[in-house]
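Secondary and tertiary structure notes
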Amino acid sequence: MTKQHVILIGLMGTGKTTVGQELHKRIAYPWVDTDQALESKWGFSIARYFAQYGEEAFRKEETTILKAILDGPPSIITTGGGIVLRQENCEWMRQKGWVIHLTAHPEVLIQRLSHDQSRPLLLGNVADKIWQLIKERKGKYDFADITIDTSKQTIDGVIQEIIREWQKFKR
Ligand code: S3P
């Protein structure tokens, strides 16, 4: 199957959900978020799932939902930051979608996430946890078709850049 979806990957706090939502207004594709799809399936939050079943079980669920979404109609897909931890997920995403990697300066991530209560992997010292994730996940997002730094421009600028690149890609 060809690259029919537009997929956003990147660390927590890089703006995937905000950008996905805005992009949805500009490209006539449905918008699906892997975390939101899981929460609707379970009827409770990611934080509660992690606390009850742990990260490994979450990763399995994440892979299952990703596969189901990728098998569906062309969509804008926003993903949880850890989706890249499984190689098979990266291969499917690359095969079935045009993949956008969103990045942001570490200080910007820390600022955006410093009061976040919903992300289980950030419990404790947010700055330390973010630096640790940056180190652990170095290179894992590199398979993307394009990379955009969201700390260097406005959301509108990011959207314009994506649309410009998307049009080039579709030609
Ligand atoms: C995670 C990122 C979260 C969510 C879960 C784990 C990660 O999604 O899937 O808390 O491992 O980076 P966001 O990137 O949308 O915050």
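That block above? That's the structure.
Residues numbered from 1 in each chain as written. Predicted model: local features only at pLDDT ≥ 70, side-chain atom pairs only at ≥ 80, totals over all residues. Heavy atoms only, no water.

1. A look at the overall build of the protein
Tallying secondary structure elements over the protein gives 8 helices and 5 strands in all. Its helices and strands taken in sequence order, the protein reads β-α-β-α-α-α-β-α-β-α-α-β-α from the N to the C terminus. Judged by the C-alpha coordinates and their principal axes, the protein covers about 45 × 35 × 25 Å. Residues counted as buried form 47% of the 171 residues belonging to the protein. (Helix = DSSP H or I, 4+ residues; strand = E, 2+ residues; numbered from the N terminus. Buried < 20%, exposed > 50% of the residue type's maximum accessible area, 1.4 Å probe, protein only.)

2. Notes on the pattern of salt bridges
For the structure on display, the rule yields 11 salt bridges. With a shortest N-O distance of 2.9 Å, E55 and R59 are connected by a salt bridge. Linking E55 with R59, this pair stays in helix α4 (residues 55-70), spanning 4 residues, or about one helical turn. Taking relative accessible area as the criterion, E55 reaches 31% and is therefore assigned partly exposed. Overall, the relative accessible area of 7% leaves R59 in the buried class. Here E88 and R86 are joined by a salt bridge, their closest N and O atoms 3.3 Å apart. Given a relative accessible area of 34%, E88 falls into the partly exposed group. Linked by salt bridges that have partners in common, E55, R59 and E62 make up one network. (Salt bridge = Lys/Arg side-chain N within 4 Å of Asp/Glu carboxyl O.)

3. Re the packing of helix α2 (residues 34-42) against α4
Where α2 contacts α4, the axes come no closer than 10 Å and their chain directions differ by 105 degrees. Our classification of the angle between α2 and α4 gives roughly perpendicular. Of the residues in α4, those touching α2 at T34, D35, A37, L38, K41 and W42 are F58, E61, E62, I65, L66 and I69. Residues of the contact of α2 with α4, tallied by class, amount to 7 nonpolar, 1 polar and 4 charged. (Axes fitted to C-alpha atoms, helices over the stretch in contact; angles between N-to-C directions. Parallel < 35°, antiparallel > 145°, perpendicular 65-115°, else oblique. Contact = heavy atoms within 4.5 Å. Nonpolar A, V, L, I, M, F, W, Y, C, P; charged D, E, K, R; others polar.)

4. Here's the deal with the nonpolar core
If you look at the biggest cluster of nonpolar residues, it comprises 33 residues, and the most contacted ones within it are I9 and M93. Here this core gets 5 residues from one element, more than from any other, and that element is α4. Sequence-distant contacts of I9, defined by excluding residues within four places in its chain, comprise K16, T79, I83, V84, M93, V99, I100, H101, L102, Y141, F143 and A144. One finds V19, W98, V158 and I159 within the second-largest nonpolar core, a separate group that totals 17 residues. (Core = buried A, V, L, I, M, F, W, Y, C linked by side-chain atoms within 4.5 Å.)

5. Notes on the pairing of strand β5 (residues 146-149)
What you see with β5 is a clean split: I146 and I148 sit on the buried side and T147 and D149 on the side with no burial. As paired strands, strand β4 (residues 97-103) and β5 are joined by 4 bridges and run parallel to one another. The residue of β5 that forms the bridge with T103 is D149. (Pairing = 2+ DSSP bridges.)

6. A short note on the layout of surface pockets
In this structure, the largest pocket occupies an estimated 530 Å³ of space. Looking at the largest pocket, it is lined by 28 residues, and the ones nearest its centre are M12, D35, G80, G81 and R119. Among the elements of the structure, α1 (16-26), α2, α3 (46-53) and α4 are those that each provide at least two residues to the lining of the largest pocket. A per-class count over the lining of the largest pocket returns 8 nonpolar, 12 polar and 8 charged. Computed from the structure, the second largest pocket encloses a volume of approximately 250 Å³. For the lining of the second largest pocket, the secondary-structure elements that each account for two or more residues are β4, α6 (106-113) and α7 (126-136). A per-element tally of the lining of the second largest pocket places β4 first, with 3 residues. Looking at the lining of the second largest pocket, its residues break down into 8 nonpolar, 5 polar and 3 charged. (1 Å grid on protein atoms, 1.4 Å probe; cavity = no way out; pocket = protein on both sides within 12 Å on 5 of 7 lines; lining within 4 Å. Points joined across faces, edges and corners; volume = space filled by probe spheres on them.)

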